[in-house]
Amino acid sequence: NGEKKGAWKRPLFRWLVFLELLVLLGFVYVNLAEHLISQTNNTSKDIHGGDQLHNMRLATETRPDLHPDFRSGFLKPLAGLFPHRTDGVVNPLWPWVAAWFTDAGHKLTEADMMDPGISDQQREMFNRGRWFHVFMTLAFLGMLGIAACRIFSVPAACNLVLLGGLGALLPRAAYFQPEPL
């Protein structure tokens, strides 16, 4: 009978230990992300390289879609509110998500894309996108960890979260690209 009285303590202790480890991981993850963001992918050449600036241009083009004009009808503006803008290569979800933290009136043109420099407004948008990736992936890792801890042991769940976070998601979070999404 004595075992039944304390039976609730074991799962509670297990969850408390795991949640403390998740908080510690979150602290380490954000600090590593801060170093990664401040030390890599910062120059104009890096931002122009790949398709990061192109993704930023698609986000600025998508920004007006987030504020539809329902005076002209209902279905067409409602359909325009959902992710749909693409160049044929980039899936429409990332430009739609990135448009939510794009400043109103911020436009990137083809001339801006050919300019070797990066403006302060472009750099601010670029950094917002990178920090969005960090906190979005951290939230995903927390949910993944909680789901994994229900099935696996605490060390196995921690291993899954650490390998997924530090090995796969964090290195991609320093870029303005859709991969972490």
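Above: the structure in question.
Every residue gets a number counted from 1 within its own chain, in the order that chain's sequence is written. In view of the model being predicted, local features appear only for residues whose pLDDT reaches at least 70, and side-chain atom pairs are presented and counted only at 80 or more, with totals across whole chains, interfaces and linings using the full set of residues. The basis for every side-chain value is the complete set of non-hydrogen atoms in the structure, without hydrogens or water.

This part covers unusual backbone geometry. Even without a glycine there, the phi angle at Asn-41 is positive, about 55°. Strands here mean DSSP runs of E at least two residues long; helices mean DSSP runs of H or I at least four residues long; both are numbered from the N terminus. Considering the arrangement of structural elements, one finds Asn-41 in the loop between α2 (9-39) and α3 (44-48). The buried label applies to any residue whose accessible area, calculated with a 1.4 Å probe on protein chains only, is under 20% of its type's maximum; exposed applies above 50%, and partly exposed to all values in between. For Asn-41, a relative accessible area of 6% gives the class buried.

What follows covers the packing of α2 against helix α8 (residues 120-151). The description of two helices packed together rests on the angle between their axes and the distance between the axes. Here, axes are lines fitted to C-alpha atoms. For helices the fit covers the stretch in contact, and angles between N-to-C directions go from 0 to 180 degrees. Two numbers describe how α2 lies on α8: the axes approach to 11 Å, and their chain directions differ by 160°. With respect to α8, the axis of α2 lies roughly antiparallel. Once α2 is placed against α8, the crossing between them reads as right-handed. With respect to orientation, any angle under 35 degrees is reported as roughly parallel, any angle over 145 as roughly antiparallel, any angle of 65 to 115 as roughly perpendicular, and every other angle as oblique. Each crossing gets its hand from how the near helix is turned against the far one by less than a right angle, where anticlockwise is left-handed and clockwise is right-handed.

A few words now on the packing of α2 against helix α9 (residues 154-173). For the pair α2 and α9, the least separation of the axes is 11 Å and the interaxial angle reads 15°. Taken together, α2 and α9 sit at an angle that is classed as roughly parallel. Between α2 and α9 lies a crossing whose hand is right-handed. Note on element contacts: α9 touches α2 through Val-154, Ala-157, Cys-158, Val-161, Leu-162, Gly-165, Leu-166, Leu-169, Leu-170 and Pro-171, opposite Arg-14, Phe-18, Leu-21, Leu-22, Leu-25, Tyr-29, Leu-32, Ala-33 and Leu-36. Just so you know the grouping, Ala, Val, Leu, Ile, Met, Phe, Trp, Tyr, Cys and Pro go in nonpolar, Asp, Glu, Lys and Arg go in charged, and all remaining residues, Gly too, go in polar. The residue makeup of the contact of α2 with α9, split by class, is 17 nonpolar, 1 polar and 1 charged. Should any heavy atoms of two residues lie within 4.5 Å, those residues are considered in contact.

Once that is clear, we can look at the nonpolar core. Generally speaking, nonpolar side chains in soluble globular proteins are found buried as a group. Buried residues of nine kinds, namely Ala, Val, Leu, Ile, Met, Phe, Trp, Tyr and Cys, make up a nonpolar core once their side-chain atoms join them within 4.5 Å. Phe-18, Tyr-29 and Val-134 are the most contacted members of the largest nonpolar core, which totals 19 residues. Here the element with the most residues in this core is α9; it accounts for 7 residues. Once you skip the residues sitting within four places of it in the chain, Tyr-29 turns out to touch Val-134, Thr-137, Leu-138, Leu-141, Gly-165, Leu-166, Leu-169 and Leu-170. Ala-98, Phe-101, Leu-108 and Phe-126 belong to the second largest nonpolar core, which has 14 residues in total.

Moving on to the packing of aromatic side chains. Note on aromatic pairs: the rings of Phe, Tyr and Trp (six-membered ring only in Trp) are paired at centre separations within 6.5 Å, and the planes decide the class, stacked below 30 degrees, edge-to-face beyond 60, tilted for the rest. Scanning the entire structure with this criterion turns up 9 aromatic pairs. Judged by centre distance (6.4 Å) and plane angle (85°), the ring pair of Trp-15 and Phe-18 falls under edge-to-face. A residue pair is termed a helical-turn pair when its members lie 3 or 4 positions apart in one helix, as Trp-15 and Phe-18 do in helix α2 at 3 residues. A relative accessible area of 26% means that Trp-15 is categorised as partly exposed. Clustering of aromatic rings is evident, with ring pairs tying together Trp-94, Phe-101, Phe-126, Phe-132 and Phe-176. For a Lys NZ or an Arg CZ to count as sitting over a ring, it must be within 6 Å of the ring centre and within 35 degrees of the ring normal. Its end group placed over the ring of Trp-15, Arg-14 keeps NZ or CZ at 6.0 Å from the ring centre. When the ring centre of Tyr-175 is taken as origin, the NZ or CZ atom of Arg-172, which lies over that ring, is 4.7 Å away.

Further remarks concern the pattern of salt bridges. Here a salt bridge means any side-chain nitrogen of Lys or Arg lying within 4 Å of a carboxyl oxygen belonging to Asp or Glu. Using the criterion set out here, one finds 7 salt bridges in the structure. Its salt-bridge partner being Arg-71, residue Asp-69 comes within 2.8 Å of it at the nearest N-O pair. Residue class for Asp-69 comes out partly exposed when judged on its relative accessible area of 37%. For Arg-71, a relative accessible area of 75% translates into the label exposed. Beyond isolated ion pairs, a larger network of salt bridges with shared partners links Arg-57, Glu-61 and Glu-110.

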